[in-house]
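Survey of secondary and tertiary structure
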Amino acid sequence: MTVSGAIQASEPNPQRGRTISQLLIAVPILLVALCFAGKYGIVDLGPAARGTLIFALLFALMVTGMPVSIALGLSVLTFLFTLTQVPIEAVALKLFTGIENFEIMAIPFFILAGNFLTHGGVARRMITFATAMVGHWYGGLALAGVVACALFAAVSGSSPATVVAIGSILMPAMVRHGFPNRFGAGVITTSGSLGILIPPSIPMVIYAVATNSSVGKLFIAGIVPGLMLATLLGLTTWRIARKNDYPRLPKASWSARFKAFLDAFWGLLLIVIVIGGIYGGIFTPTEAAAMSAVYAFVIAVFVYRDLSLREVPGVLLASANLSAMLLYIITNAVLFSFLMTHENIPQALANWLTGQGLGWVGFLLIVNLLLLLAGNVMEPSSIIVIMAPILFPVAMKLGIDPIHFGILITVNMEVGLCHPPVGLNLYVASGIAKMGITELTIAVWPWLLTMLCFLVVVTYVPQISLWLPKLLGMM
Amino acid sequence: MVVRILNRLEEVLIAALMAAATIIIFLAIIQRYATGVPALYAYARTWDFTWAQELCIYMFVWMAKFGAAYGVRTGIHVGVDVFINMLGVEQRRKVILFGLLCGALFTGVVGSLGAYLVWHIGGIGQVSQDLEVPMWIVYLCVPLGSYLMCFRFLQVAWAYAKTGELPAHDHAAVKGLEAESKAATIPT
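Residues numbered from 1 in each chain as written. Chains lettered and ligands numbered in written order. Predicted model: local features only at pLDDT ≥ 70, side-chain atom pairs only at ≥ 80, totals over all residues. Heavy atoms only, no water.

All right, on to the overall build of chain A then. For chain A, the count of helices and strands is 21 helices and 0 strands. For 475 residues, the compact-globule formula gives about 23 Å, and the C-alpha radius of gyration of chain A, at 23 Å, lands near that figure. For chain A, the spread of C-alpha atoms along the three principal axes comes to 80 × 60 × 55 Å. Looking at chain A as a whole, 62% of its 475 residues qualify as buried. Partitioning the contacts of chain A with sequence separation of at least 6, the portion at a separation of at least 24 is 79%. With an accessible surface of roughly 17,200 Å², chain A has 68% of that area assigned to carbon and sulfur atoms. For chain A, the separation between the mean place of its 22 positive charges and that of its 15 negative charges on side chains is 12 Å. (Helix = DSSP H or I, 4+ residues; strand = E, 2+ residues; numbered from the N terminus. Rg over C-alpha atoms; globule rule 2.2 N^0.38 Å. Buried < 20%, exposed > 50% of the residue type's maximum accessible area, 1.4 Å probe, protein only. Contact = heavy atoms within 4.5 Å. Areas by Shrake-Rupley, 256 points an atom, 1.4 Å probe, with all protein chains shown as cover. Lys, Arg positive; Asp, Glu negative; His and termini not counted. Charge placed at Lys NZ, Arg CZ, Asp CG, Glu CD.)

Right, here's the structure in full:
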C-alpha cells in the first residue's frame, strides 16, 4: 500500500508520532460520529456543512494510508446511510453498474497489451533505434534516452516501468561513456513520464470515462503536445550537453539505422494500430485496445520471442491484478461522483466560482495548482477519477473545451510523477541510479522546469491540443 | 490447505477471464470484417457475436471484483502513505491496522448489501439483454467478490499484526533486464 515506495530505514524511535497516529485514527471516527449525529437530529447540518463533511471525511480516511478506493467507498457509504434518503441497497447495484460500460473495458485491454511489451528486450530495441537516429548529436546517449523513453512509455503504458526498463539499461551505459550520473538520472526520470501523453494512454481513458468525453479525440489531441514535450526535453538535454561538451557517438550508417528501425518497428506499429484504427473508424477505442492486446501477444511471443508461451499466464495475472485495482478505484469513484451530483456540489462550486468573477484564466491556474498538490500524494489515475467529475462541470461553464481540459490534466499528471517530494518516477529512478531523493531532485531540476513551462503553455494555448483533431475534422 | 486452493482458484479465474474476454472481442471484430468480404460472407454471417460486448463487460466486472480481492493479497491497492511514513514503527502499525480493518468493514458491508440485492433480484426473475442469463447470477460477483475481499483484508491484517509484514506490489517490475550486462546494443 505505498505510492512513494519509500523505504524505511531502521527506526530509531518506534513510538515517534504518537499524537499524530492518535489523531489519524480519531478524526475519521469523530467525523463518522458527526454524520450519525446529523442523522438523529442532534446537530443540524446545512448544505455547506454537508459538502464540507464529505470532503473532510474522505480526506481524513485517505491520510491514514488506506487504499484510495476504500476511503472513497467508506465516505460515500457513511454519508448515504446517515444523511440522505437514498436507499442504501442502491450502493451495491452501483458497484456493478458503475463500470458496466464498454468504454471502460479499454483499460484492461491496454494494460494487457502494455504488459506483453514491458520487457527488457523491447526496451533494448527502442534504445538501439533511438541511438542510431540521434546518438551523434550533442548529448548522444542522453538524447537517445529521451526518444527511447517516449517510444517505450507509449507502448508499455507505465511510467515507472519505463524508468526502470530504459534506465537500468541506459544509465550504466551513460556513466561508462563519461556522463555524470546526475545527468542520466535527470533525463530518464522526466522522460519516463512522456508515455501518458502519447496514445494509448490509460489516464486519458479514465478521464474520458469520468467526464463522458471521446477517447479517440483525446488520443489524437495528445499526439502534438506529446511530441512537443519530447522535443523540449530533448532540447534541454542538448543544451546542457553542448555547454558541458558531453560525449557524442559516431554517426550511425543508414543501413544500421534501417536495421534498428526494422527491429523496433513491430513494437511501434502498436501505436499506429491504435491511432490509425480509431481515427480511420475501423475500431472503437475498446476494440482497438483488444486488437492491440492480441497484437502485442503475437509480437512478444512469436516475433520478438521475448516471452515464452509458459510465461503468458503470468502476464495475464499481472494485468488482471493491475486492471482490477484501477476498476475498483473507478467503481468507488463512480459512487463518489454520484454522491457529488446528488448533493449538487459541482454545480454549486461552478456557481460560486463564477460568482467570484473568476474567469477561465484564474480557474485553470487553480486547477493546475490543485492537481500539482494532489500529485504529491496520489498517483495519476486516482487523482483524475476523483477530481475530473468535480472540476469538469466548472470548466464547461467557463467555456473550456473538454478535450483541451483533458490534455492539460494529463500534462499536469506527468509533472506530478517527477516532482519532489513524492513522485513515483523519482523514487523508482533513485533506486536505479543509487542516488538519494534530495540529490535526484537537484538532478531533475532543468527538465522539471521545462515541463512546468510547457504545462503553462498547454494550459493557456488550447490550439496546441486542439489543432490536430480539428485538422483531421474530428471536432 | 483450503486457503491454498482458494488462492489458486482466484488466480486462475481472473487470468482466464482476462484471456477469454480478449479472445472474444478479437473474434467479434474478425467476424464483423469477415462479413464484409464476399467470399467469407456465407460462413461469417452464420456466427452470431451480438452478445460479445455484453459478455466481455460481465467478464471484466467479475475479473474486477475477484481481482480486487487478489489485489489485497498482492498489496496493489495504493493509498496516501506520506503521512504514515513519518511515524515510528509502532505507531505506524496502529494506523495501518486501522486502515486494513476499515477495508474489511467496507467490503463486508458491501458484500451484505450485494447479497441482499441478489436475493431481491432473484425474486423478480430479471434476465440480461443479449445473453438472457438471470441477472442474479450476473450480480453474484458483488457479494462473492466483496466477501472474498473482506476475508483478504482480515487475512492481511492478521499477518501484519503477527509478523509486521505487509504485501507490497512492485509497480515498476520489468522482465528481461537480467541480460543487461551483455547489452551489445550500445556501441562503446
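Having put the structure on the table, let's press on.
Next up on the list: the side chain of Ser292 of chain A. Residue and element names in this part refer to chain A. As for its placement among the helices and strands, Ser292 is situated in helix H13 (residues 285-303). In terms of polar contacts, Ser292 uses its side chain to reach the backbone carbonyl oxygen of Ala289, at 2.8 Å. For Ser292, the residues in contact, after removing those within four places along its chain, are Phe110, Ala113, Leu270 and Val274. (Polar contact = N/O pair within 3.5 Å; in protein donor to acceptor, adjacent residues only side chain to side chain.)

All names here are of chain B. Averaged over all residues, the pLDDT of chain B equals 86, while 94% of them reach at least 70. Ranking the helices and strands of chain B by mean pLDDT puts helix H6 (residues 141-163) first, with 94, and helix H2 (residues 38-44) last, with 75. The model gives residues 180-184 a pLDDT under 50, and that stretch makes 5 contacts with residues more than four places away or in other chains. Across the assembled chains, the prediction reports ipTM 0.91 with pTM 0.91. (pLDDT = per-residue confidence, 0-100.)

Moving on to the interface of chain B and chain A. With 82 residues of chain B in contact, the opposing surface of chain A contributes 99 residues. There are 1 salt bridge connecting chain B and chain A. Across the pair Arg32 of chain B and Glu287 of chain A runs a salt bridge whose closest N-O atoms are separated by 2.7 Å. For the pair chain B and chain A, the number of links is 11 residue pairs in polar contact (both at pLDDT 80 or more). Breaking the side of chain B that touches chain A down by element, the ones donating at least two residues are helix H1 (2-34), helix H3 (52-74), helix H4 (89-124), helix H5 (135-139) and H6 of chain B. Examining the composition of the side of chain B that touches chain A, we find that 20 residues originate from one element, H4 of chain B, more than from any other. Of the residues in the side of chain B that touches chain A, the class split is 53 nonpolar, 20 polar and 9 charged. (Salt bridge = Lys/Arg side-chain N within 4 Å of Asp/Glu carboxyl O. Nonpolar A, V, L, I, M, F, W, Y, C, P; charged D, E, K, R; others polar.)

Residues and elements named next belong to chain A. Counted by the stated rule, this structure contains 9 salt bridges over all chains. A salt bridge links Glu439 to Arg182; its shortest N-O distance comes to 3.4 Å. Of the two residues, Glu439 sits in helix H20 (residues 437-460) while Arg182 sits in helix H9 (residues 181-191), which places them 257 residues apart along the sequence. Accessibility expressed as a relative area gives 33% for Glu439, which makes it partly exposed.

Residue and element names in this part refer to chain A. Over its 30 residues, helix H11 (residues 215-244) extends 43 Å from the first C-alpha to the last, a length consistent with the 44 Å expected when each residue adds 1.5 Å. The N-capping residue of H11, defined by a side-chain oxygen 3.4 Å from the backbone nitrogen of Gly216, is Ser214. Directly after H11, the chain includes Asp245, whose backbone phi takes a positive value near 50 degrees. (Expected span 1.5 Å × (residues − 1).)

The next subject is helix H15 (residues 345-355) of chain A. Side chains that are three or four residues apart share a direction in an α-helix, a result of its 3.6 residues per turn. All names here are of chain A. Along H15, the residues that are buried comprise Ile345, Pro346, Ala350 and Leu353. Angular distribution of buried residues about the axis of H15 spans 135 degrees; they occupy a single face of the element. Away from its buried face by more than 90 degrees, H15 exposes Trp352 and Gly355. Contact partners of the buried residues in H15: helix H2 (47-62), helix H14 (312-342), helix H16 (360-375) and helix H17 (380-397). Positive phi shows up at Gly357, right after H15, with a value of about 75 degrees. (Arc of directions from axis to C-beta.)

Here the focus is the packing of aromatic side chains. Taken as a whole and judged by the stated rule, the model has 20 aromatic pairs over all chains. Judged by centre distance (5.7 Å) and plane angle (5 degrees), the ring pair of Phe179 of chain A and Phe183 of chain A falls under stacked. An identical accessibility class is assigned to Phe179 of chain A and Phe183 of chain A; each is buried. With 5.7 Å between their ring centres and 20 degrees between their planes, Trp62 of chain B and Phe66 of chain B make a pair best called stacked. Of this pair, Trp62 of chain B and Phe66 of chain B both sit in helix H3, 4 residues apart, which is roughly one turn of that helix. By relative accessible area, which is 21% here, Trp62 of chain B ends up partly exposed. (Phe/Tyr/Trp six-rings, centres within 6.5 Å; stacked < 30°, edge-to-face > 60°.)

Glancing now at the confidence of the model for chain A. All names here are of chain A. Per-residue confidence for chain A gives a mean pLDDT of 89; residues scoring 70 or more make up 97%. Taken element by element, the predicted model of chain A shows its lowest mean pLDDT in helix H4 (residues 89-97) (82) and its highest in H13 (94). Across residues 1-9, where pLDDT falls below 50, the model places 28 contacts with residues more than four positions away in sequence or in other chains.

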